[in-house]
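# Observations on the model geometry
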Amino acid sequence: MIKSRAGWSHRALMLLLMVYLLLPLAATLLYGFAKQWQTTVMPESWTLEWFGEMFRDLRFLEALWTSLYLCAISVALSLAVMLPAVFVITVYLPKWETFMKGIVVLPYAVPGVVAAVGLIRAYSGGPIDIAGTAYILIGAYFIVVLPYMYQGIRNSLITVSAVELLHSAELLGASRKRAFVTVILPNIWPGVIISTLLSFSVLFGEFVLTNMLVGGHIQTIQVYLYRRVGESGHLASAIAITYFLFILALSTVLMKLGKKMNGVAEK
Amino acid sequence: MSASYLELRGIRKMFGDSTVLNDVDLSINEGELVTLLGPSGCGKSTLLRCIAGLTEPDGGSIMLGPTNIGELPPRRREVGMVFQSYALFPNLTVYENIEYGLKMRGADKKERQSRCEELLALVDLENKKDAYPQQLSGGQQQRVALARSLAVQPKVLLLDEPLSALDAKIRKSLRTEIRDIQRRLKMTTIFVTHDQEEALTVSDRICIMNNGNIVQDGSPEELYAKPRTEFVARFMGSYNVLSREEAGRLFGVAVGSAASYALRPESVRLLPASAGEARRDRRVADGTIESISVLGNIVRYSVVSSGVKLTVDALNDGQSHRGEEGAAVALELDSSQLLALEKEGA
């Protein structure tokens, strides 16, 4: 094992970075528990009132649930489409890769507002009239996570040298389908889990598209948060912290799951 | 001529506009180890992949015994392959890797077990059977790959630069081991390499490839002693390749009609300059040593004589004349060692 020997300057830099990243979070946490916090460094008095109010509000739990299942459906759909698609492109049609690389960065190139307006125009009326429904949102979410899914799956395939593994398996008598299931899938699984997780987090925090596409009809956690910020900063802090903890828990569970599935290989 | 076991006829492959394989014919007998030797990009790996079915040739036929395997998918060809990068399945143990092919072919558990034990013993990895590939050294991984491809008892074994990723010492021991196993199993084998020393040590027969053609084939001795073209002469060793004019100058007589000639570096003897007068029975030329490099058991001199630069190899036995850089020497030349070369592509 290589022991890392970080000098004090490295440690100081890391510390500074951690402070920079965690300070806003810590402040939000404190604000969520603060009753009086005006002229002092630390809050003058504490309360659980804001968290209490949040959990008493049925709309919060509803919004959380809505976000959860919309994101889950979108990511699952993306996984179901992208996994075989990227596999086929990387292994059998490498000529298409340049084309795909261009396509998957499009979501970055088009600003959320522009995309939302375009989508609403295209899908209100006409043969596919789904503006304002969950369908259009799931469709948009699919596009949003495209870059993460494509790159993640593709990198995993390249890292494990999928083409050579597949060829070996085929020469040993496996059909393509069986080779994919027995050799490719177990090896790219950790990478796929990470992409899925990343996509999920991105969607969970998505606000612009969601608010413009379905803001009036469907309340996701971000839309809800936006509505409540105006009412009380303390309450919004409580919501943000809860939301953060939720994502943290979800990530941990998925990571553990990924490790467990990969446990056969790592042991 | 006995009927060959694996017979390639007119294999052609283009990648875009460039011809990678130019109507290649190749016959291999059962139990023979044939090496495809050539510089990178000469088409040797592509030819191997065509036999395995991983690359589809644009034309030609591949017969294995009575079967035209050119039309079958890779998994039905009964061909085993070992890759340069090992391509072991990282999610499976050594044992499971070897077992994989048997499982895919529906062998029952008892048969799988006995076959795996047998192969683990063959490659001497019994104590590593529960290890994962990433826990093994490169040499061990390649031995697992070999065992894995042998497990399904292929009719032909293809080795695609199997030793290129290993360090020199392991490479030498593993190539002996591969040759040993191949002989014991009488496995028909095609070995691809760009290393002429490797080819000379393991092969029954060597096919030298260049620009998508097999330019010469024969036993290692034949190829080393009688290169037909300049390309083979340069590739097979450190042959001195001389133009007709240069050869004439060096030997002091008109040498023949070929455009170029090859002279083995070990056929030239280095003598003290004073010895020049003493040997009238042979052609002795004056020269100057330009550089000396010691290659272990051989000392390699670069000598200029009559304006021709020659490589001269002498045994490093402490007995033959040792000149120093810049010193004048006499070269003893034997015109019977001069090999006429054919024109490229003739």
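Criteria and cut-off values
- Within every chain, residues take consecutive numbers counted from 1 along the sequence as written.
- Going through the entries in the order they are written, you letter the chains from A and number the ligands from 1.
- Whole-chain, interface and lining totals are the exception, using all residues; otherwise, since this is a predicted model, local features are given only for residues with pLDDT of at least 70 and side-chain atom pairs are given and counted only at 80 or more.
- Calculated side-chain values reflect all of the structure's heavy atoms, with hydrogen atoms and water omitted.
- In this text, helices come from DSSP runs of H or I with a minimum length of four residues, and strands from runs of E with a minimum of two, each type numbered from the N-terminal end.
- What a helix should span is 1.5 Å times the count of its residues minus one.
- Whether a residue is buried, partly exposed or exposed follows from its accessible area with a 1.4 Å probe, protein chains only, as a fraction of its type maximum: under 20%, in between, or over 50%, in that order.
- Directions drawn from the helix axis to the C-beta atoms are what define this arc.
- We call two residues contacting when some pair of their heavy atoms lies within 4.5 Å.
- Two parts placed together each lose some accessible area; with a 1.4 Å probe, that loss summed over both constitutes the buried area.
- Counted as salt bridges are all cases of a side-chain nitrogen of Lys or Arg within 4 Å of a carboxyl oxygen of Asp or Glu.
- Nitrogen and oxygen atoms within 3.5 Å of one another constitute a polar contact, given that in protein one can donate a hydrogen and the other can accept it, and given that sequence-neighbouring residues count only through two side-chain atoms.
- Lines fitted to C-alpha atoms define the axes here, with helix axes fitted over just the stretch in contact, and angles between the N-to-C directions of these axes take values from 0 to 180 degrees.
- Put simply, angles under 35 degrees are roughly parallel, angles over 145 are roughly antiparallel, angles from 65 to 115 are roughly perpendicular, and the rest are oblique.
- In this scheme, a crossing is called left-handed if the near helix is turned counterclockwise away from the far one by less than a right angle; it is called right-handed if the turn is clockwise.
- All amino acids are sorted into three groups, where Ala, Val, Leu, Ile, Met, Phe, Trp, Tyr, Cys and Pro are nonpolar, Asp, Glu, Lys and Arg are charged, and the leftover types, Gly among them, are polar.
- By definition, no residue in a patch forms a salt bridge, and every one has over 30% relative accessible area; like charges are joined within 9 Å, nonpolar side chains (Val, Leu, Ile, Met, Phe, Trp, Tyr) within 5 Å.
- To be clear on the numbers: accessible area is Shrake-Rupley with a 1.4 Å probe, and residue cover counts the displayed protein chains and nothing else.
- Within 6.5 Å between ring centres, the rings of Phe, Tyr and Trp (the latter by its six-membered ring) count as paired, and their orientation is classed by plane angle as stacked under 30 degrees, edge-to-face over 60, tilted in between.
- We call a set of buried residues a nonpolar core when its members are Ala, Val, Leu, Ile, Met, Phe, Trp, Tyr or Cys and they connect through side-chain atoms within 4.5 Å of each other.
- The pLDDT value expresses, per residue, how confident the predictor is, ranging between 0 and 100.

A few words on helix H5 (residues 168-185) of chain B. Residue and element names in this part refer to chain B. The first and last C-alpha atoms of H5 sit 26 Å apart over 18 residues, in line with the 26 Å expected at 1.5 Å per residue. Those residues of H5 that sit buried are Leu174, Arg175, Ile178, Arg179, Ile181 and Gln182. End-on view of H5: buried residues confined to an arc of 165°, all on one side of the axis. For H5, exposure combined with an orientation more than 90 degrees from the buried face picks out Lys169, Arg183 and Arg184. Looking at the buried residues of H5, the elements they touch are strand E3 (33-37), helix H3 (109-122), helix H4 (138-151), strand E7 (156-160), strand E8 (188-193) and helix H6 (196-202). Immediately beyond the C-terminal end of H5, within one or two residues, lies Lys186, with a positive phi of roughly 50°.

Another aspect to go through is the interface of chain B and chain A. In this assembly, 24 residues from chain B lie in contact with 20 residues from chain A. Both faces considered, chain B and chain A share a buried interface measuring about 2,000 Å² in area, 60% of it formed by carbon and sulfur atoms. On the chain B side of the contact with chain A, Arg75, Asn91 and Met104 of chain B bury the most area, a combined 29% of that side's loss. The interface formed by chain B and chain A contains zero salt bridges. Put simply, chain B and chain A have seven residue pairs in polar contact (both at pLDDT 80 or more) between them. Of all the elements in the fold, those that place two or more residues in the side of chain B that touches chain A are helix H1 (44-52), strand E6 (79-82), helix H2 (94-104) and H4 of chain B. Broken down by element, the side of chain B that touches chain A gets its largest block of residues, four residues, from H2 of chain B.

Let's shift gears to the packing of helix H8 (residues 162-171) of chain A against helix H9 (residues 176-204) of chain A. Residue and element names in this part refer to chain A. Running from N to C, H8 and H9 cross one another at 135°; their axes reach a closest spacing of 9 Å. Taken together, the axes of H8 and H9 are oblique relative to one another. For the element pair H8 and H9, the recorded crossing hand is right-handed. Contact residues: Ala162, Leu165, Leu166, Ala169 and Glu170 in H8; Arg176, Ala179, Phe180, Val183, Ile184 and Asn187 in H9. Here the residues of the contact of H8 with H9 sort into eight nonpolar, one polar and two charged.

Further remarks concern a nonpolar patch on the surface. A surface patch of nonpolar side chains, amounting to about 650 Å² of accessible area, comprises Met14, Leu17, Met18, Tyr20, Leu21 and Leu22 of chain A. Judged by its relative accessible area of 64%, Tyr20 of chain A falls in the exposed class.

Now for the side chain of Arg115 of chain B. Residue and element names in this part refer to chain B. Here Arg115 is to be found in helix H3. Arg115 gets classed as buried once you look at its relative accessible area, which sits at 14%. A distance of 2.8 Å separates the side chain of Arg115 from the side chain of Glu118, its partner in a polar contact. Once residues within four sequence positions are removed from consideration, Arg115 is found in contact with Leu102, Leu150, Ala151 and Gln153.

All names here are of chain A. For the structure shown, the criterion picks out 15 aromatic pairs over all chains. For the ring pair Tyr108 and Tyr148, a centre distance of 6.4 Å and an interplane angle of 75° mean the geometry is edge-to-face. One end of the pair, Tyr108, is in helix H5 (residues 106-109); the other, Tyr148, is in helix H7 (residues 134-159), and 40 residues separate them in sequence. Judged by its relative accessible area of 22%, Tyr148 falls in the partly exposed class. Judged by centre distance (5.7 Å) and plane angle (5°), the rings of Phe204 and Tyr243 are stacked.

Another point: the nonpolar core. Counting 66 residues, the largest nonpolar core has Leu157, Ile184, Phe204 and Leu213 of chain A together with Phe89 and Tyr100 of chain B as its most contacted members. A per-element tally of this core places H7 of chain A first, with 13 residues. Setting aside residues up to four positions removed in sequence, Leu213 of chain A forms contacts with Ala116, Leu119, Ile120, Gly132, Ile136, Leu137 and Ala140 of chain A. Membership of the second largest hydrophobic core comes to 33 residues, among which are Leu102, Leu122, Leu136 and Leu163 of chain B.

Across chain B, pLDDT averages 90, with 96% of residues at or above 70. Interface scoring of the predicted complex returns ipTM 0.83; its pTM is 0.81.

At a minimum axis separation of 13 Å, H9 of chain A and H2 of chain B run at an interaxial angle of 155°. What the angle tells us is that H9 of chain A and H2 of chain B run roughly antiparallel. Classified by chirality, the crossing of H2 of chain B by H9 of chain A is right-handed. Only Tyr100, Lys103 and Met104 of chain B of H2 of chain B make contact with H9 of chain A, whose side of the interface consists of Arg178, Ala179, Thr182 and Val183 of chain A.

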